[in-house]
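# An overview of the molecular structure
In case you want the letters, here they are:
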Amino acid sequence: MPWRVPLADLDYGEAEQAAVMDVLRSRWLTMGAVTRELEQRFAALVGVRHAVAVSSATAALHLACLALDIGPGDEVIVPSLSFVATANAVRYTGAQVRFADVIGPHDLTVSPASIRAQITPRSKAIIVMHYAGFPCRMPEIVRIARQHGLAVIEDAAHAPGARLDGTALGAWGEAGCFSFFSNKNLATGEGGMLVTDREEIARQARLLRSHGMTTLSWDRHQGHAHSYDVVGLGYNYRIDEIRAALGLAQLDKLARNNARRRAITLEYRRQLAGLPVELPFQDAAGEPAYHIFPILLPPGADRADFIERMHTAGIQTSIHYPPIHRFRLYYRRHAQVSLPITDDVTRREVTLPLYPTMRAEDVSAVVAAVRGSLKDRG
Ligand SMILES: *Cc1c(COP(=O)(O)O)cnc(C)c1O
């Protein structure tokens, strides 16, 4: 640091500052009118009946599992190529995961055939993850789920504003889970959203996000209630009004910023064509959210050396992701699982900088550094 081109950057300005100041002046800091407005506008964006704002996507995933009655003795099929929270959320409930492989180097989303191969009598649900905001094969995955009586949860942390066949990502399954973490397409610092068309899932999520209490401080403040009962073992997964206000300001920018991410992605693909790297998702379906820009180095390339050279050129990169089944927490139980494509692509993947305020010269600088870093040493 400082990077010539960082991996990600916020598009924050006066709108975000004004939104926060309005909340501070209102003297109501948590789960009130601003949170409700964010929920309503997010539900409209995704085209679902219910949106429940929470403290993170991890919390949303946990609540989705709980609302679907997933628990000890159950199994949930998840991609190993995801952020660890996708699997951890299942484990919080006492259930176990089974890992599915991804489709191939050209499509890093979970493979429907691999999902099918992981179904057992204990299977209760499938969690898909829309990698980089590119749609999973939802029609086929939903069909498999229906055939086997499984629920579908979408980890849509990368995918706010993305669509497939006219339906928003997050609205295909029983529940969709979004992240508003600092580096996501819609950033509030920490935060998340659970969306669903199912009344009962929304009701459970609302209850469990706030200690299983039947009324909120807000309801009591409004004079709607005086006391409360506790009807389930809930959590504190609430969001606050400050972050909800940031979310509303960022929501106003989402369509424009997703379009900018798309333009930068297309420019990267144009400039990288001809270099010995693979560019996944070149024939992706639908309208992706272009959250990150992954490339795959040639087989056998020294990734650590490549990343080090990029670093020296002032370019921040990342890896999405070390596969979950190789983490010590998971490895022992899952040592036997065969995920050849995940093992291959996760050894070769490097994520290049992508953010809506990236300039043309930043893209060219990254591409020049990629070209230089791929050359043989010496
Ligand atoms: C960021 C992310 C999460 C976790 O989101 P938090 O809001 O930080 O809890 C889960 N899954 C994926 C794929 C992510 O990228």
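Read on for a plain summary of the structure. Because the structure is predicted, anything quoted here is derived from the model rather than measured.

One way to put it is that helix H10 (residues 303-312) packs onto helix H13 (residues 360-374) with a least axis distance of 9 Å and a crossing angle of 135 degrees. The angle between the axes of H10 and H13 places the two elements in the oblique class. The chirality of how H10 crosses H13 is right-handed. Contact residues: Phe306, Arg309 and Met310 in H10; Val366, Ala369, Val370, Gly372, Ser373 and Leu374 in H13. Each residue belonging to the contact of H10 with H13 can be placed in one class, and the counts come to 6 nonpolar, 2 polar and 1 charged.

Our focus in this paragraph is the sheet that holds strand E7 (residues 151-155). Pairing is mixed across the open sheet formed by 7 strands, whose spatial order is E1-E11-E10-E7-E6-E2-E3. At either end of the open sheet lies a strand with only one pairing partner, and these are strand E1 (50-54) and strand E3 (96-100). The mean angle between the axes of side-by-side strands here comes to 20 degrees, regardless of whether they run parallel or antiparallel. Of the strand pairs in this sheet, E7 and strand E10 (residues 175-179) are connected by 3 bridges, and their pairing is parallel. The residue of E10 that forms the bridge with glutamate 154 is glycine 176.

Turning next to the state of the cysteines. Summed over all chains, the structure comprises 0 disulfides. Of all cysteine sulfurs, the one in cysteine 177 lies closest to cysteine 65, which takes part in no disulfide; the gap is 7.7 Å. For cysteine 65, a relative accessible area of 0% gives the class buried. With no disulfide of its own, cysteine 136 lies closest to cysteine 177 among cysteine sulfurs, the gap being 13 Å.

Moving on: the site of the ligand. Neighbouring the ligand are 15 residues; Thr58, Asp155, His158, Ser179 and Lys184 lie closest to it. Here an oxygen atom of the ligand and a backbone polar atom of alanine 57 are 2.8 Å apart. Interatomic distance of 2.7 Å between a side-chain N/O atom of serine 179 and an oxygen atom of the ligand. Bound to the protein, the ligand loses 92% of the 390 Å² it would expose on its own. Across the shell around the ligand, the residue classes tally to 6 nonpolar, 7 polar and 2 charged.

Between helix H2 (residues 33-46) and helix H9 (residues 241-272), whose axes approach to 8 Å, the crossing angle comes to 30 degrees. Classified by the interaxial angle, the pair formed by H2 and H9 is roughly parallel. Where H2 crosses over H9, the two elements pack in a sense that is left-handed. Together, Ala33, Val34, Thr35, Glu37, Leu38, Arg41, Phe42 and Leu45 of H2 and Glu241, Ala244, Ala245, Gly247, Leu248, Leu251, Asp252 and Leu254 of H9 make up the contact between the two elements. Here the residues of the contact of H2 with H9 are counted per class, giving 10 nonpolar, 2 polar and 4 charged.

Its 15 residues place the ends of H13 21 Å apart at the C-alpha level, agreeing with the 21 Å of an ideal helix rising 1.5 Å per residue. For H13, the set of buried residues is Asp362, Val363, Ala365, Val366, Val367, Ala369, Val370 and Ser373. At its buried positions, H13 is contacted by H9, H10 and strand E13 (349-352).

Here the focus is the pattern of salt bridges. In total, this model carries 22 salt bridges according to the counting rule given. Across the salt bridge formed by aspartate 11 and arginine 260, the nearest N and O atoms sit 4.0 Å from each other. Taken together, the residues aspartate 11 in the segment before helix H1 (14-26) and arginine 260 in helix H9 connect sequence positions 249 residues apart. For aspartate 252, the salt bridge is made with arginine 41, and the minimal N-O distance between the two is 2.8 Å. One end of the pair, aspartate 252, is in helix H9; the other, arginine 41, is in helix H2, and 211 residues separate them in sequence. We classify arginine 41 as partly exposed; its relative accessible area is 29%.

Rules of the game
Residues numbered from 1 in each chain as written. Predicted model: local features only at pLDDT ≥ 70, side-chain atom pairs only at ≥ 80, totals over all residues. Heavy atoms only, no water. Axes fitted to C-alpha atoms, helices over the stretch in contact; angles between N-to-C directions. Helix = DSSP H or I, 4+ residues; strand = E, 2+ residues; numbered from the N terminus. Parallel < 35°, antiparallel > 145°, perpendicular 65-115°, else oblique. Left-handed = near helix turned anticlockwise from the far one by under 90°. Contact = heavy atoms within 4.5 Å. Nonpolar A, V, L, I, M, F, W, Y, C, P; charged D, E, K, R; others polar. Pairing = 2+ DSSP bridges. Disulfide = S-S within 2.5 Å. Buried < 20%, exposed > 50% of the residue type's maximum accessible area, 1.4 Å probe, protein only. Near = heavy atom within 4 Å. Polar contact = N/O pair within 3.5 Å; in protein donor to acceptor, adjacent residues only side chain to side chain. Areas by Shrake-Rupley, 256 points an atom, 1.4 Å probe, with all protein chains shown as cover. Expected span 1.5 Å × (residues − 1). Salt bridge = Lys/Arg side-chain N within 4 Å of Asp/Glu carboxyl O.

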